[in-house]
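# Inside the fold
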Amino acid sequence: MRVLVIGRGGREHAIVWALKKSPKVKELYCAPGNGGIATLAECVPVSELDFEGISRFALDNSIDLVMVAPDDPLVAGLVDHLEEKGIPAYGPRKNAAIIEGSKVFTKDLMRKYSIPTAAYGSFETYEEALAYVREQGAPIVIKADGLAAGKGVIVAQTLEEAEKALREIMLDKVFGESGNCVVIEEFLTGQEMSLLSFVDGTTVRPMVPSQDHKQVFDNDKGPNTGGMGTYSPLPHIPESVVQEAIETIVKPTAEAMVKEGRPFRGVLYAGLMLTEKGPKTIEFNARFGDPETQVILPRLETDLLDIFLATINGRLADLELSWSDEAAVCVILASKGYPGTYPKGLPITGLENVSSDAMVFHAGTAVQDGVTVTNGGRVLGVVGKGKDIAEARDRAYAEASKISFDGVHYRTDIAAKALKGAGIQ
Ligand code: AMP
Ligand code: GLY
């Protein structure tokens, strides 16, 4: 088959890497791709939101399947566009991708179907939002309604911080139109878990759970990012809790989407808080997580293309998934200044010294005059595998330390929560 993956990050590099292993994949393309993806697939200079460019390329090149990985094109309806042109596409249609595109939609859906989540209010005016925040008090969580590159959520510890966030989102519009409406949520405490599932409408096939590290600095300090590192499995979280989340959150949500006339086909990502009162939903995404995918796909033993094809043919119920017991840890190497402003074009050294057992997924790189250079906030994801989290973590850090670019920053405590939970430092 001839397969085209849409996207340009570490997640897409991991997807391309997994698809490359499928004997059924004869030609692999990625639009637009990046410096790392180019070593596995032919990169096509068409951007994710250039719908006409993507469908034209797919038709001209007899593409059998387009896999749409990022949120923006999914929410904007790329899958619908491709299907209208008769091109098979993997990912939710626009009316289902709204589960990520609008936090208000999703909170209302969860309320209607009694799916566990934080208590909330949603507001379209600054004055009403401010009154609610003052009534609830801090800590409190403020979320811009629409997409904001993973940065539209402010966990305010004080009323002052909450009011500042409201002003920035609703009056100064730092996230643009995404801030026309806000969701204000109860602050939840507990361990976080990313639980992704393959869904074909009714059938839910959960992936192995993983945990992300959203804040930029060690000990969960500093502003939120797209994700600074991940690991899987989660040895400190009982399997019964994962099962509870599947039964009380993921399956009811897939069913709710079918009942709403918005069947979800693709990867449903549940961001969960494991509270004392059980798992509660923080967010849903309509796609693979980044960098969760970088630790999940190395553990997948089933052919990823078979899963995509079963999904679009509504046959996921016939496919059992198989996962390896190995652990995987991903450490993100970021540019100095991220998630704020950062330089680009800095030469990256040491990539050639990384052991072949480790994987380096490129997130924001480009090749300039034959040299791999930085080209984004998150630059590389170094994945170590091992018999357990400690071994995988040690391998990931040993390999990460071989790579360098000016101002490189990474967290040194990825997976520490799992090791502490299991009594290991
Ligand atoms: P989100 O983009 O919705 O995943 O939120 C980003 C991060 O903010 C999450 O990973 C949590 O760490 C935190 N967060 C979001 N909602 C809540 C909440 N209701 N209570 C506590 N922390 C939250
Ligand atoms: N790692 C968080 C996300 O993909 O949204």
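Here is a short report on the structure shown in this document. Not measured: the values here are computed from a predicted model.

## Description of the nonpolar core
Counting residues in hydrophobic clusters, the biggest one holds 72 residues, and the most contacted among them are L4, V66, M193 and V329. Residue contributions to this core peak at nine residues, all from helix α9 (residues 239–259). Once you skip the residues sitting within four places of it in the chain, M193 turns out to touch P209, S210, L234, I237, V242, A245, A270, G271, L272 and L274.

## Quick notes on the sheet that holds strand β12 (residues 211–212)
Overall, antiparallel pairing links the five strands, which are arranged β12-β15-β18-β22-β19 in an open sheet. The sheet is open, and its two borders are formed by β12 and β19 (359–362), each paired with just one other strand. Here strand β15 (residues 229–232) pairs with strand β18 (residues 327–334) via four bridges, running antiparallel. When the sheet's bridge partners are listed, T230 is paired in β18 with C330. Contacts between helix α12 (residues 389–400) and the sheet are confined to β15, β18 and β22 (378–386), with β22 contributing the most and set at about 140° to the helix.

## Some details on the pattern of salt bridges
For side chains bearing opposite charge, pairing can occur when the charged atoms are close. Taken as a whole and judged by the stated rule, the model has 24 salt bridges. Here R411 ties to D220 by a salt bridge, and the two come within 2.9 Å at their closest N and O atoms. Of the two residues, R411 is situated in the loop between α12 and α13 (416–421) and D220 in the loop between β13 (215–217) and β14 (221–224); the sequence distance between them amounts to 191 residues. Under the relative-accessibility criterion, D220 is labelled partly exposed at 30%. R393 is paired through a salt bridge with D394; the nearest N and O atoms lie 3.0 Å apart. On the accessibility criterion, D394 (43% relative accessible area) is partly exposed. Salt bridges here are not isolated pairs; linked through shared partners, they connect D220, R411, D413 and K417.

## Describing the site of ligand 2
Near ligand 2 you find D212, K214, G226, Y269, N285, R287, G289, D290, P291 and E292, and these make up its full shell. In this structure, N285 approaches ligand 2 through a side-chain N or O atom, which is 3.3 Å from an oxygen atom. At 2.9 Å from a nitrogen atom of ligand 2 is found a main-chain nitrogen or oxygen belonging to D290. Look at ligand 2: alone it shows 200 Å² of surface, and the protein chains cover 90% of it. Of the residues belonging to the shell around ligand 2, the class tally is two nonpolar, three polar and five charged.

## Comments concerning the state of the cysteines
For the coordinates displayed, the defined rule picks out zero disulfides. Here C330 is not disulfide-linked; the sulfur of C30 is the nearest cysteine sulfur, at 17 Å.

## Describing helix α7 (residues 126–136)
The α-helix advances 3.6 residues per turn, and as a result positions three or four apart in sequence lie on the same side. Turning to α7, its buried residues number three or more, namely Y126, A129, L130, Y132 and V133. Buried residues of α7, seen end-on, are gathered within an arc of 165° and therefore sit on one face of the element. In α7, the exposed positions angled more than 90 degrees off the buried face are occupied by E127, R134 and E135. The inward-facing, buried residues of α7 contact β6 (120–123), β7 (140–144), α8 (159–171) and β9 (182–186). A positive backbone phi angle near 80° is found at G137, which sits one or two residues after α7.

## Re the sheet that holds β6
Taking strand neighbours across the sheet as the criterion, the four strands line up as β6-β9-β7-β8 in an open arrangement whose pairing is antiparallel. In this open sheet, the two strands that pair with only one neighbour each are β6 and β8 (153–156). This sheet shows a mean twist of 20° between the axes of neighbouring strands, independent of strand direction. With four bridges joining them, β7 and β8 adopt antiparallel strand pairing. Bridged to I142 within β8 is I154. Lying on the sheet, α7 is in contact with β6, β7 and β9; it crosses β6 at an angle near 160°.

## Thoughts on the pairing of strand β16 (residues 265–275)
Across the eleven residues of β16, ten count as buried, placing the element largely inside the fold. Relative to strand β17 (residues 278–285), β16 is paired through seven bridges, and the arrangement is antiparallel. Bridging across to β17, M273 finds its partner in K280. Here β16 folds back onto β17 in antiparallel fashion, the turn holding two residues.

## A closer look at the site of ligand 1
Around ligand 1 sit 15 residues in total, of which E185, E186, L188, E192 and E283 are the nearest. Here an oxygen atom of ligand 1 sits 3.0 Å away from a polar atom, N or O, in the side chain of K214. Here ligand 1, which alone exposes 470 Å², has 95% of that area covered by the protein. At the level of elements, β7, β8, β9 and β17 are the ones that each hand at least two residues to the shell around ligand 1. Grouping the constituent residues of the shell around ligand 1 by class yields eight nonpolar, one polar and six charged.

Parameters and conventions
Note on numbering: residues in each chain are counted from 1, in written sequence order. Lettering of chains starts at A and numbering of ligands starts at 1, both following the order in which they are written. At least 70 in pLDDT is required for a residue's local features to be given in this predicted model, at least 80 for side-chain atom pairs to be given and counted, and no such filter applies to totals for whole chains, interfaces and linings, which use all residues. As a rule here, side-chain values come from all non-hydrogen atoms in the structure, and water together with hydrogens is ignored. Note on terminology: a nonpolar core comprises buried Ala, Val, Leu, Ile, Met, Phe, Trp, Tyr and Cys residues joined through side-chain atoms within 4.5 Å. Whether a residue is buried, partly exposed or exposed follows from its accessible area with a 1.4 Å probe, protein chains only, as a fraction of its type maximum: under 20%, in between, or over 50%, in that order. Helix and strand definitions follow DSSP, with helices as H or I runs of at least four residues and strands as E runs of at least two, each counted in order from the N terminus. Any two residues having at least one pair of non-hydrogen atoms within 4.5 Å are treated as being in contact. By definition, two strands form a pair when at least two bridges between them are found by DSSP. Each axis is a line fitted through C-alpha atoms, taken for helices only over the stretch in contact, and angles between the N-to-C directions span 0 to 180 degrees. The term salt bridge refers to a side-chain nitrogen of Lys or Arg lying within 4 Å of a carboxyl oxygen of Asp or Glu. Nearness is defined per residue: one heavy atom within 4 Å of the molecule or strand is enough. Polar contact is defined as a pair of N or O atoms within 3.5 Å, subject to the rule that within protein one atom must be able to donate a hydrogen and the other to accept it, and that residues adjacent in sequence are counted only when both atoms are side-chain atoms. Using the Shrake-Rupley algorithm and a 1.4 Å probe, accessible areas are obtained, with residue cover drawn only from the displayed protein chains. Note that Gly is not counted as nonpolar here; it falls among the polar residues with everything else outside the nonpolar set of Ala, Val, Leu, Ile, Met, Phe, Trp, Tyr, Cys and Pro and the charged set of Asp, Glu, Lys and Arg. The definition used for a disulfide is geometric: two cysteine sulfur atoms within 2.5 Å. Throughout, the arc means the angular range of directions from the helix axis out to the C-beta atoms.

Such coordinate-based values are descriptive only and should not be taken to indicate function.
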